[in-house]
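Coordinate inspection notes
Read off the chains here:
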Amino acid sequence: MNKINILVVEDDEEINGLISKTLIKEGYNVTKALDGKSALEKYNKKEFQMVILDIMLPIIDGMEVMRRIREKSMIPIVILSAKGEETDRIIGLGLGADDYMVKPFSVAELIARIKAQLRRYMYFNNSNENKENQIVSCGDLTFDLDKILVSKKGQPIDLTAKEIGILKLFITNPNKIFTKAQIFNTVWGEEYIGDSNTVMVHIRRLRNKIEDNPNDPKYILTVWGIGYKLGSVK
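Bear in mind that the values here come from a model prediction, so they are computed numbers and not experimental data.

**Focus on the overall build of the protein chain**
When you go through the protein chain residue by residue, the secondary structure sums to eight helices and eleven strands. Within the protein chain, the proportion of its 234 residues that are buried is 47%. A sequence separation of at least 24 residues applies to 55% of the contacts in the protein chain between residues at least 6 apart. Counting every atom, the protein chain has about 12,300 Å² of accessible surface; 49% of that belongs to carbon and sulfur.

Rendered as structure tokens:
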């Protein structure tokens, strides 16, 4: 298997160098960028499997960089930010980030989170490698697993990375009931620590986007006392 390519976008040269050097020691290929403009230029010239992204960047800010990347790809994006307020985290995650770390941070923890996100990403993509036009349908929903596109009655649905991960887990395992822990471990790529609210919030948001009536769902059903399953929608 080829090495994983990671783009590190951080305008502080010392922090960028520290992260990059550590990732190289872990066996990854690393490309560095010190501003948003060069980050996008480098991203468009090479295939990356992950982006480590500072928010406060010169020329083009990190949020705009993330928005442009999300137009083309669902690769994991880990935000680095000096802003630790809950609203900043919500905005960053809502715009498509997969994880959010506040400066100053532990490099060891960052590496652990990177590995967790890459495990999730590779889990969802390895099975589809070298396959074309793999499309799964469920009722009015259509999920193009190759292009990572979801539509309902032919109309595209804008989903976040986590929502796509959850829906893909269900739609590719139509007969399986998943506990909240199993969903979290697979989609977030981290160990479940008993906080069911995170999964419930994302399930609710996903239902709001794909269900005709989110209060009476037919695609993602609740199995009381156990978890969730895909509905038998014809």
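Here the narrative resumes.
**Re the pattern of salt bridges**
Going through the model one piece at a time under the given rule, you end up with 13 salt bridges. As a salt-bridge pair, Glu 41 and Lys 37 come within 2.7 Å of each other at their nearest N and O atoms. Placement of the pair is Glu 41 and Lys 37 together in helix H2 (residues 36-43), with a separation of four residues, close to one helical turn. In this structure, a network of salt bridges that share partners links the residues Glu 10, Asp 54 and Lys 103.

**Digging into unusual backbone geometry**
Cis geometry marks the peptide bond from Lys 103 to Pro 104; its omega dihedral reads -10 degrees. Among the structural elements, Pro 104 can be located in the loop between strand S5 (99-102) and helix H5 (107-126). You will see that Ile 59, though not glycine, has its phi angle at about 70 degrees, which is positive. Phi at Lys 153 is positive, roughly 55 degrees, even though this residue is not glycine.

**Here we look at the sheet that holds strand S7 (residues 141-144)**
Taken in spatial order, the four strands make up an open sheet running S6-S7-S8-S9, and their pairing is antiparallel. With one partner strand each, in any of the chains shown, strand S6 (135-138) and strand S9 (155-156) form the two edges of the open sheet. Pairing geometry for S7 and strand S8 (residues 149-152), over four bridges, is antiparallel. For Thr 142, the partnering residue across the bridge sits in S8 and is Ser 151. Packed on one face of the sheet, helix H6 (residues 161-171) meets S6, S7 and S8 and runs near 100 degrees to S7.

**Here's the deal with the pairing of S7**
Where S6 and S7 come together, four bridges link them in antiparallel fashion. Its bridge partner lying in S7, Cys 138 is registered against Leu 141. Connecting the antiparallel pair S6 and S7 is a turn made up of two residues, with Gly 139 showing a positive phi of about 60 degrees. In this antiparallel pair of consecutive strands, S7 and S8, the connection spans four residues, and Ile 148 shows a positive phi of 55 degrees.

**Looking at the nonpolar core**
One finds Ile 166, Leu 167, Phe 170, Ile 183 and Ile 210 to be the most contacted residues of the largest nonpolar core, which totals 30 residues. Those elements giving two or more residues to this core turn out to be S7, H6, helix H7 (180-187), helix H8 (197-210) and strand S11 (227-230). By residue number, the principal contributor to this core is H6, which donates seven residues. With sequence-adjacent residues up to four places away left out, Ile 210 is seen in contact with Leu 141, Lys 152, Ile 157, Leu 167, Tyr 219 and Ile 220. Counting residues in each nonpolar core, the second largest holds 22 residues, with Ala 33, Leu 57, Ile 75 and Tyr 100 among its members.

**Some remarks on a positive patch on the surface**
Taken together, the side chains of Lys 21, Lys 25, Lys 32, Lys 42 and Lys 45 present a region of like positive charge at the surface. Here Lys 25 is to be found in helix H1 (residues 13-25). A residue is classified by how much of its surface remains accessible, and Lys 25, at 70% relative accessible area, is exposed.

**Remarks on the packing of aromatic side chains**
Applying the stated criterion across every chain yields a total of three aromatic pairs. Here Phe 184 and Trp 188 contribute two aromatic rings whose centre-to-centre distance is 5.1 Å and whose plane-to-plane angle is 10 degrees, an arrangement assigned as stacked. Given the relative accessible area of 8%, Trp 188 is considered buried.

**Points about the sheet that holds strand S1 (residues 5-9)**
Ordered in space as S2-S1-S3-S4-S5, the five strands form an open sheet in which the pairing is parallel. Edge positions in the sheet fall to strand S2 (29-33) and S5, since each has one partner strand and no second. Shown here is a sheet whose adjacent strand axes are inclined to one another by a mean of 15 degrees, direction ignored. For S1 and S2, the ladder comprises five bridges, and the chain directions are parallel. Across the sheet, the residue bridging to Leu 7 is Thr 31, located in S2. In the packing of H2 onto the sheet, the strands contacted are S1 and S2, and the crossing angle to S2 comes to about 145 degrees.

What counts, and where the lines are drawn
- Residues numbered from 1 in each chain as written.
- Predicted model: local features only at pLDDT ≥ 70, side-chain atom pairs only at ≥ 80, totals over all residues.
- Heavy atoms only, no water.
- Helix = DSSP H or I, 4+ residues; strand = E, 2+ residues; numbered from the N terminus.
- Buried < 20%, exposed > 50% of the residue type's maximum accessible area, 1.4 Å probe, protein only.
- Contact = heavy atoms within 4.5 Å.
- Areas by Shrake-Rupley, 256 points an atom, 1.4 Å probe, with all protein chains shown as cover.
- Salt bridge = Lys/Arg side-chain N within 4 Å of Asp/Glu carboxyl O.
- Pairing = 2+ DSSP bridges.
- Axes fitted to C-alpha atoms, helices over the stretch in contact; angles between N-to-C directions.
- Core = buried A, V, L, I, M, F, W, Y, C linked by side-chain atoms within 4.5 Å.
- Patch = residues over 30% accessible without salt bridge, like charges linked within 9 Å, V, L, I, M, F, W, Y side chains within 5 Å.
- Lys, Arg positive; Asp, Glu negative; His and termini not counted.
- Charge placed at Lys NZ, Arg CZ, Asp CG, Glu CD.
- Phe/Tyr/Trp six-rings, centres within 6.5 Å; stacked < 30°, edge-to-face > 60°.

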